[in-house]
Amino acid sequence: MELLKRIKDRTPEYDAIYESLISKFTVLQGGRAGTAGEASTWEQGKYFFTKYEIYMYATLLGLKRNYRIPLSPDGQREKFIAINAWHPQDLADYVVMGVLSKARIDFNKLEEREEKEIEREILNIRKLMEEYANGGFDMIRSKIETEPTFFDNNDNCFIDMLEDNHLNGN
């Protein structure tokens, strides 16, 4: 379980190009937190209350569609809190397990490796999570562009999107 703890101590990143998309569906945190009225906060956060919630969703969407995009090597990146602070913890664990299932790691051989190699595997797992989240964010971006009203009048839009068999991640 030390490996899982070390994975969850990581702080994934995302391409900053998705910041406005994340803010569109998430309650703004930080310096503006607490300055909005209750109705405005409810409207803003009716889908996701925190950035890591939409990040978990985007990762699951990317995993479900097996669609991942590497983070832009030259682009600006954003970070938020470590995975071990995400809630609900069961969902965060589910996301990590989904990524581990795609990681192609021989766990039996992993314990025989040197610390440097284990650290490299952990970094690769974080990178893989970032790529699936990036893929999920790209699918949300694409949906906004192709069906601009999809998110406006549908409280179940994100559930529908997970279940949409017509989404093509490629």
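Residues numbered from 1 in each chain as written. Predicted model: local features only at pLDDT ≥ 70, side-chain atom pairs only at ≥ 80, totals over all residues. Heavy atoms only, no water.

What is the right way to read the packing of aromatic side chains from this model?
The description of two aromatic rings rests on the distance between their centres and on the angle between their planes. Counted by the stated rule, this structure contains 17 aromatic pairs. Judged by centre distance (5.0 Å) and plane angle (85°), the rings of phenylalanine 25 and phenylalanine 158 are edge-to-face. Placement of phenylalanine 25 in the loop between α2 (19–24) and α3 (38–44) and of phenylalanine 158 in helix α8 (residues 157–163) is noted, with a sequence separation of 133 residues between them. In this structure, phenylalanine 25 and phenylalanine 158 share a single accessibility class: buried. Between phenylalanine 48 and tyrosine 57, the ring centres sit 5.6 Å apart and the planes meet at 50°, which makes this aromatic pair tilted. Of the two residues, phenylalanine 48 and tyrosine 57, neither departs from the other in class, the shared state being buried. Joined through ring pairs, the aromatic side chains of Tyr14, Tyr18, Tyr52, Tyr55, Phe80, Trp86 and Phe137 make up one cluster. Of note, lysine 143 hangs over the ring of phenylalanine 150, and the distance from its end group to the ring centre comes to 4.5 Å. (Phe/Tyr/Trp six-rings, centres within 6.5 Å; stacked < 30°, edge-to-face > 60°. Helix = DSSP H or I, 4+ residues; strand = E, 2+ residues; numbered from the N terminus. Buried < 20%, exposed > 50% of the residue type's maximum accessible area, 1.4 Å probe, protein only. Lys NZ or Arg CZ within 6 Å of the ring centre and 35° of its normal.)

What's the story with the side chain of glutamate 121 in this structure? I'm lost.
Mapped onto the elements of the fold, glutamate 121 is located in helix α7 (residues 115–146). At 2.9 Å, the side chain of glutamate 121 forms a polar contact with the side chain of arginine 113. (Polar contact = N/O pair within 3.5 Å; in protein donor to acceptor, adjacent residues only side chain to side chain.)

What exactly am I supposed to notice about the nonpolar core here?
What tends to happen in soluble globular proteins is that the nonpolar side chains get buried as a cluster. Trp86, Phe137, Ile140 and Phe158 are the most contacted members of the largest nonpolar core, which totals 44 residues. Elements that contribute at least two residues to this core include exactly α2, α4 (51–64), α5 (89–102), α7 and α8. The dominant element in this core, judged by the number of residues it contributes, is α7, at 10 residues. Discounting chain neighbours no more than four positions away, the residues touching phenylalanine 158 are Phe25, Tyr47, Phe48, Tyr57, Ile140 and Phe151. (Core = buried A, V, L, I, M, F, W, Y, C linked by side-chain atoms within 4.5 Å. Contact = heavy atoms within 4.5 Å.)

Is there a simple way to explain a nonpolar patch on the surface in this structure?
Taken together, the side chains of Leu91, Tyr94 and Met97 present a nonpolar region at the surface, about 310 Å² in accessible area. Counting through the fold element by element, methionine 97 comes out in helix α5. What makes methionine 97 exposed here is its relative accessible area of 51%. (Patch = residues over 30% accessible without salt bridge, like charges linked within 9 Å, V, L, I, M, F, W, Y side chains within 5 Å. Areas by Shrake-Rupley, 256 points an atom, 1.4 Å probe, with all protein chains shown as cover. Salt bridge = Lys/Arg side-chain N within 4 Å of Asp/Glu carboxyl O.)

Mind showing me how you'd approach the packing of α4 against α7 here?
Axis angle and axis distance: for two packed helices, these are the angle between their axes and the distance between the axes, and together they describe the pair. Packing of α4 against α7 leaves a shortest axis separation of 7 Å and a crossing angle of 90°. Taken together, the axes of α4 and α7 lie roughly perpendicular to each other. Counting all contacts with α4, which are made through Ile54, Tyr55, Tyr57, Ala58, Thr59, Leu61, Gly62 and Leu63, the residues of α7 involved are Met129, Glu130, Tyr132, Ala133, Gly136, Phe137, Met139 and Ile140. Of the residues contributing to the contact of α4 with α7, the split by class is 12 nonpolar, 3 polar and 1 charged. (Axes fitted to C-alpha atoms, helices over the stretch in contact; angles between N-to-C directions. Parallel < 35°, antiparallel > 145°, perpendicular 65-115°, else oblique. Nonpolar A, V, L, I, M, F, W, Y, C, P; charged D, E, K, R; others polar.)

Help me understand unusual backbone geometry in this model?
For residues that are not glycine, phi is negative in most cases, and the peptide bond is trans in most cases. Residue proline 88 follows histidine 87 across a cis peptide bond; omega there is -5°. A positive phi angle, near 50°, is found at asparagine 66, a position not held by glycine. For asparagine 66, the location among the structural elements is in the loop between α4 and β2 (77–79). Of note in this structure, arginine 104 is not a glycine but carries a positive phi near 55°. Checked against the element boundaries, arginine 104 lands in the loop between α5 and α6 (107–110).

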